[in-house]
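Letter by letter, the chains look like this.
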Amino acid sequence: MKQPGFVFLSGSFREIQVKFLRQAHPVPISFLTKMDKEKIEELKIQTQKWLNEAQEFIQKVPPIQIYSAIGVVLFTIFLFIIIRLFKRKSSNTIVLTGLTGCGKTVLFYQLRDGSSHQGTVTSMEPNEGTFVLHSETTKKGKVKPVHLVDVPGHSRLRPKLDDFLPQAAAIVFVVDAVEFLPNCRAASEYLYDILTKANVVKKKIPLLLLCNKVDKVTAHTKDFIRKQLEKEIDKLRASRTALSSADIANEYTLGVPGEAFAFSQCQNKVTIAETSGLTGDISQLEQFIREHVKP
Ligand SMILES: Nc1nc2c(ncn2[C@@H]2O[C@H](COP(=O)(O)OP(=O)(O)OP(=O)(O)O)[C@@H](O)[C@H]2O)c(=O)[nH]1
Ligand SMILES: [Mg+2]
């Protein structure tokens, strides 16, 4: 006796079907194949009819119309591909920068875990992570994760910023609102360097000036900080333009020549906000991130 498994292993599906039917109903097999043949013949005739109709139609239509139709189809496909490529490139990277000690790492943890992780130390490596913002973890529906990078403020580690700028959707420049005045010059220099980078200017990467540590009563207001930074950048611009062109490291010049510098003159959008990484009052930062990384 043949094993049922053997029937399955040998021959095509059609053979197996015939073998099975031969065993079960020996008579209707010829009827089934006849039916099949008739159906195939019918299909052949129908296809031939359609082909003839299509040929007749094409012959009637002027060639210019056919070429235009092909052109429209090709253009639509091309447009579709371009849109897909463009969509894939939309970045979700937000870069946190600023002088050392301004509170970037605390903000990073607040955004990720909703906690300040007290006791942060000067960072020696960029802190990087892709996650759904802590405040959005309870949200229903799909939320796009954010790729957040916290670049250390130490002057020797700052060049790391250039690794992340090409893919940045937005930059957050953090300023210590308490210890602002003693660091105003250094912060302005760093900010000037960022605002004149080719990547930032050409791609018009939006920048948020984030006045952090506003939980302290001695913190300066964001308007005061903005004005002081504008004044300092104005001075820097004058001194840097006075240098011989060979010495100028910056790739682009800032603002409008002959006018006092204001952030509103920048090619990229510069906005200002306040946070406290320590207390978790970071709603303005979260809002900025979501404006540039759509959920
Ligand atoms: N009062 C107050 N202190 C803060 C706040 N955010 C951070 N700090 C303190 O500031 C210090 C520096 O914070 P970090 O987050 O480590 O600073 P950073 O910008 O990452 O510094 P680098 O890694 O050196 O670039 C820590 O002692 C924090 O506790 C804040 O919102 N309010
Ligand atoms: Mg840090």
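What counts and what doesn't
Residues numbered from 1 in each chain as written. Chains lettered and ligands numbered in written order. Predicted model: local features only at pLDDT ≥ 70, side-chain atom pairs only at ≥ 80, totals over all residues. Heavy atoms only, no water. Helix = DSSP H or I, 4+ residues; strand = E, 2+ residues; numbered from the N terminus. Contact = heavy atoms within 4.5 Å. Near = heavy atom within 4 Å. Polar contact = N/O pair within 3.5 Å; in protein donor to acceptor, adjacent residues only side chain to side chain. Areas by Shrake-Rupley, 256 points an atom, 1.4 Å probe, with all protein chains shown as cover. Phe/Tyr/Trp six-rings, centres within 6.5 Å; stacked < 30°, edge-to-face > 60°. Buried < 20%, exposed > 50% of the residue type's maximum accessible area, 1.4 Å probe, protein only. Lys NZ or Arg CZ within 6 Å of the ring centre and 35° of its normal. Donors = N, O, S within 2.8 Å, 3.2 Å for Na, K, Ca; no water. Salt bridge = Lys/Arg side-chain N within 4 Å of Asp/Glu carboxyl O. pLDDT = per-residue confidence, 0-100. Pairing = 2+ DSSP bridges. Axes fitted to C-alpha atoms, helices over the stretch in contact; angles between N-to-C directions. Core = buried A, V, L, I, M, F, W, Y, C linked by side-chain atoms within 4.5 Å.

Describing the environment of His 292
Point 1. Among the secondary structure elements, His 292 is positioned in helix 10 (residues 283-292).
Point 2. Setting aside its immediate chain neighbours within four residues, His 292 contacts Ser 91, Ala 169, Ala 170 and Pro 206.

Some thoughts on the site of ligand 1
Point 1. Around ligand 1 there are 20 residues in total, and Thr 100, Thr 105, Thr 120, Gly 153 and Asp 215 lie nearest to it.
Point 2. At 2.9 Å from an oxygen atom of ligand 1 is found a main-chain nitrogen or oxygen belonging to Gly 277.
Point 3. In the complex, 87% of the free accessible area of ligand 1, which totals 650 Å², lies under the protein chains.
Point 4. Tallying contributions element by element places helix 5 (residues 104-113) first for the shell around ligand 1, with three residues.

A word on the packing of aromatic side chains
Point 1. Applying the stated criterion across every chain, the model contains five aromatic pairs.
Point 2. Their ring planes at 80° and their centres at 6.3 Å tell us that Phe 180 and Phe 224 sit as a pair that is edge-to-face. Of this pair, Phe 180 sits in helix 7 (residues 180-195) while Phe 224 is found in helix 9 (residues 222-242), placing the two residues 44 residues apart along the sequence.
Point 3. Overall, Phe 180 belongs to the buried group, its relative accessible area being 1%.
Point 4. Phe 224 sits in the partly exposed class, given a relative accessible area of 28%.
Point 5. An aromatic cluster is defined as three or more aromatic residues linked by ring pairs; in this entry it consists of Phe 108, Tyr 109 and Phe 131.
Point 6. A cation over a ring is seen here: Arg 158 above Tyr 190, with NZ or CZ 4.2 Å from the ring centre.

Points about the coordination of the magnesium ion (ligand 2)
Point 1. At the metal site, the magnesium ion (ligand 2) is ligated by Thr 105 (OG1) and Ser 123 (OG), and these contacts range over 2.0 Å. Residue Thr 105 is located in helix 5, and its partner Ser 123 is located in the loop between helix 5 and strand 2 (127-131); the two are separated by 18 residues in the primary sequence. Across this residue pair, the class does not change: Thr 105 and Ser 123 are buried.

Details of the pattern of salt bridges
Point 1. Evaluated as defined, the whole model comprises 10 salt bridges.
Point 2. Asp 162 serves as the salt-bridge partner of Lys 197, at 3.0 Å between the closest nitrogen and oxygen. Taken together, the positions of Lys 197 in the loop between helix 7 and helix 8 (198-203) and Asp 162 in helix 6 (residues 161-164) put the pair 35 residues apart, joining distant regions of the chain.
Point 3. Taking relative accessible area as the criterion, Asp 162 reaches 36% and is therefore assigned partly exposed.
Point 4. Several salt bridges converge on common partners, so that one network encompasses Arg 185, Glu 189, Glu 232 and Lys 235.

Focus: the environment of Gly 255
Point 1. The residue Gly 255 is located in the loop between helix 9 and strand 6 (270-274) in this model.
Point 2. The spatial distance from the C-alpha of Gly 255 to the C-alpha of Thr 196 is 9.9 Å, given a sequence separation of 59 residues.
Point 3. Once residues lying within four places of it in the same chain are set aside, the contact partners of Gly 255 are Arg 237, Phe 261 and Gln 265.

Looking at the environment of Ala 168
Point 1. Mapped onto the elements of the fold, Ala 168 is located in strand 4 (residues 168-176).
Point 2. By relative accessible area, which is 11% here, Ala 168 ends up buried.
Point 3. Apart from residues no more than four positions distant in its own chain, Ala 168 is found in contact with Ser 91, Thr 93, Val 95 and Ile 205.

Concerning the confidence of the model for the chain
Point 1. Summarising the model, the chain shows a mean pLDDT of 86, and 84% of its residues fall at 70 or more.
Point 2. For the stretch residues 1-11, pLDDT sits under 50, and the model shows six contacts to residues farther than four places along the chain or on other chains.

Describing the sheet that holds strand 4
Point 1. Spatially, 2-3-1-4-5-6 is the arrangement adopted by the six strands of the open sheet, whose pairing is mixed. Sheet topology places strand 2 and strand 6 at the edges, where each strand pairs with a single neighbour. For this sheet, the mean angle separating the axes of adjacent strands, direction not counted, is 20°.
Point 2. Two strands pair when backbone bridges link them, and strand 4 and strand 5 (residues 207-212) are joined in this way by six bridges, in the parallel orientation. Each residue of the ladder has a partner; that of Val 175, found in strand 5, is Cys 211.
Point 3. Relative to strand 4, helix 7 is tilted by about 165°, and along the sheet it contacts strand 1 (93-98), strand 4, strand 5 and strand 6.

Thoughts on the nonpolar core
Point 1. In this structure, Phe 173, Leu 191, Leu 207, Leu 209 and Phe 263 are the most contacted members of the largest nonpolar core, which totals 36 residues.
Point 2. Elements with a minimum of two residues in this core: helix 6, strand 4, helix 7, strand 5 and helix 9.
Point 3. Looking at this core element by element, the count peaks at eight residues for helix 7.
Point 4. Those residues within four positions of Leu 207 in sequence are excluded, and the remaining contacts are Ile 171, Phe 173, Leu 191, Ile 194, Leu 195, Asn 268, Lys 269, Val 270, Thr 271 and Phe 288.
Point 5. Membership of the second largest hydrophobic core comes to 22 residues, among which are Leu 107, Tyr 109, Val 146 and Val 172.

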